[in-house]
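# Summary of the model geometry
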Amino acid sequence: MNGEVSDNPLQPLEVDDADYISTLQSDRPRLMAREQKLQHQMRKLGSKRFLFGQGPERMQINTELMKLRSQLSEVSKQLNRPVVWYK
């Protein structure tokens, strides 16, 4: 605690707020591009889903949509966006 680094993995690390904010700001363009790409993929799959009836193709599309939604949710959290079901 006297400026020494602890070997205890349970001890929280002190993070400089300015460094943290700087890292978030520099990462933001990449995250926004990822967000747009995921939204585009979801729209494509969403429109394709209605072309199929009740078959395995539709189940596969739904599975892919769930994966993309999960990824979009993580990116949105990092961007500090409000929770939205689908744009």
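Throughout this document, residue positions are counted from 1 along each chain, in the order its sequence is written. Totals for whole chains, interfaces and linings use every residue, but because this is a predicted model, local features are given only for residues with pLDDT of at least 70 and side-chain atom pairs only at 80 or more, for both listing and counting. Note that water and hydrogens are dropped before the side-chain values are worked out from all heavy atoms of the structure.

## Some details on the overall build of the protein
Secondary structure elements follow DSSP: runs of H or I no shorter than four residues count as helices, runs of E no shorter than two count as strands, and numbering proceeds from the N terminus. Across its full length, the protein holds two helices and zero strands. A 1.4 Å probe rolled over the protein chains alone gives each residue an accessible area, and that area as a share of the maximum for its type sets the label: buried under 20%, exposed over 50%, partly exposed in between. Taking all 87 residues of the protein together, 18% fall into the buried category.

## Overview of the pattern of salt bridges
Oppositely charged side chains can form a pair if their charged atoms are brought close together. We count a salt bridge whenever a side-chain nitrogen from Lys or Arg sits within 4 Å of a carboxyl oxygen from Asp or Glu. Enumeration over the complete set of coordinates arrives at four salt bridges. Arginine 81 is paired through a salt bridge with glutamate 35; the nearest N and O atoms lie 3.0 Å apart. One end of the pair, arginine 81, is in the segment after helix H2 (56-78); the other, glutamate 35, is in helix H1 (residues 17-49), with 46 residues separating them in the sequence. Residue class for arginine 81 comes out partly exposed when judged on its relative accessible area of 29%.

## Quick notes on H2
By this rule, a helix spans an expected 1.5 Å times one less than how many residues it contains. If you check H2, its first and last C-alpha atoms are 34 Å apart, about what 23 residues at 1.5 Å a residue would give, namely 33 Å. Looking at H2, one finds that the buried residues are Ile61, Leu65, Leu68, Arg69, Leu72, Val75 and Ser76. One or two residues past the end of H2 sits asparagine 80, with phi positive at roughly 60°.

## Comments concerning the environment of arginine 34
Inspection of the secondary structure assignment puts arginine 34 in helix H1. Considering only alpha carbons, one finds arginine 34 and glutamine 71, 37 residues apart in sequence, at a separation of 9.4 Å. Not counting chain neighbours up to four residues away, the residues in contact with arginine 34 comprise Gln71 and Val75. In this analysis, two residues are considered to be in contact whenever any of their non-hydrogen atoms come within 4.5 Å of each other.

## Digging into the nonpolar core
Think of a nonpolar core as a cluster: buried Ala, Val, Leu, Ile, Met, Phe, Trp, Tyr and Cys residues, connected wherever their side-chain atoms sit within 4.5 Å. Among the nonpolar cores identified, the biggest contains 10 residues, and these are Leu31, Leu38, Met42, Leu45, Ile61, Leu65, Leu68, Leu72, Val75 and Leu79. Sorting the residues of this core by element identifies H1 and H2 as the ones contributing at least two each. Sequence-distant contacts of leucine 31, defined by excluding residues within four places in its chain, comprise Val75, Gln78 and Leu79.

Fair warning: the whole summary comes from geometry, so function is off the table for now.
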